[in-house]
Amino acid sequence: MKRFQARRGSGRWTRNTIENSLGLHPGICPSCNGFNPTPIGETRPDTCTHCGGLLAICAHGRCTEPFPDPATMRSGGYRECGKPAIAFDIEHRWPVCAEHAGI
C-alpha cells in the first residue's frame, strides 16, 4: 500500500490526517466515540449511525487561545455547553445551541 505524505507550500512535512489524505471528515460521536466518516464536500449527518446520539453539540465556552491559562483550566474554565446544536458560529466555526446563537 502506498503511503501518502503531506507537505506544506514551504516544503515542510505536515501530519497525515483523514481530511488531507483520504478526503473524509471523521465525525466522531461525543457519546459513544463512534466513527461517522463523510466526504468533505457533503453535509455531515445530524445523528450517529452507531448509537443514534446527536453529533453536533454546542461548543460555546471552548478555549480559542493558543496558550490557555492553566489557572482557568484548573478552576473549571473553558467548558463546552453540551446542548444540542442548531446553528454555527461563523467567527469560531463551531456549532452552537439556540441560547448561544441568539435565536
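As the structure is a computational prediction, the values presented were derived from the model and not from experiment. (Residues numbered from 1 in each chain as written. Predicted model: local features only at pLDDT ≥ 70, side-chain atom pairs only at ≥ 80, totals over all residues. Heavy atoms only, no water.)

Secondary structure assignment for the protein yields 3 helices and 6 strands. Counting helices and strands in the order they occur from the N terminus, the protein gives β-β-α-β-β-α-β-β-α. Scaling as 2.2 N^0.38, a compact globule of 103 residues should have a C-alpha radius of gyration of about 13 Å, whereas the protein reaches 17 Å, well beyond that. Projecting the C-alpha coordinates of the protein onto the three principal axes gives extents of approximately 45 × 35 × 25 Å. Relative to its full complement of 103 residues, the protein shows a buried share of 17%. A separation of at least 24 residues holds for 23% of the contacts in the protein among residues at least 6 apart in sequence. Roughly 8000 Å² of accessible area belongs to the protein as shown, and the carbon and sulfur atoms make up 54% of that amount. Both charge centroids of the protein, one from 12 positive and one from 9 negative side chains, sit 13 Å from each other. (Helix = DSSP H or I, 4+ residues; strand = E, 2+ residues; numbered from the N terminus. Rg over C-alpha atoms; globule rule 2.2 N^0.38 Å. Buried < 20%, exposed > 50% of the residue type's maximum accessible area, 1.4 Å probe, protein only. Contact = heavy atoms within 4.5 Å. Areas by Shrake-Rupley, 256 points an atom, 1.4 Å probe, with all protein chains shown as cover. Lys, Arg positive; Asp, Glu negative; His and termini not counted. Charge placed at Lys NZ, Arg CZ, Asp CG, Glu CD.)

Per-residue confidence for the protein gives a mean pLDDT of 80, with 92% of residues at or over 70. When pLDDT is averaged over each element of the protein, strand β4 (residues 38-39) comes out on top at 88 and strand β1 (residues 6-7) at the bottom at 68. (pLDDT = per-residue confidence, 0-100.)

With that out of the way, let us pick up the environment of His-60. Counting through the fold element by element, His-60 comes out in the loop between β4 and α2 (70-74). For the pair His-60 and Pro-95, spaced 35 residues apart in sequence, the C-alpha to C-alpha distance is 7.8 Å. Those residues in contact with His-60 that sit more than four places away from it in its chain are Arg-79, Glu-80, Cys-81, Trp-94, Pro-95 and His-100. Within the structure, His-60 has its side chain in polar contact with the side chain of His-100 (distance 3.4 Å). (Polar contact = N/O pair within 3.5 Å; in protein donor to acceptor, adjacent residues only side chain to side chain.)

With that settled, the discussion passes to unusual backbone geometry. In the Ramachandran plot, Asn-33 falls in the positive-phi region, its phi being about 60° despite a non-glycine side chain. Within the fold, Asn-33 resides in the loop between β3 (24-25) and β4. Judged by relative accessible area, Asn-33 falls into the exposed class, the value being 62%.

Let's shift gears to the side chain of His-25. Examined against the element boundaries, His-25 turns out to sit in strand β3. Of the polar contacts made by the side chain of His-25, one reaches the side chain of Glu-19; its length is 3.3 Å. Once residues lying within four places of it in the same chain are set aside, the contact partners of His-25 are Glu-19, Asn-36, Pro-37, Thr-38, Ile-40 and Arg-44.

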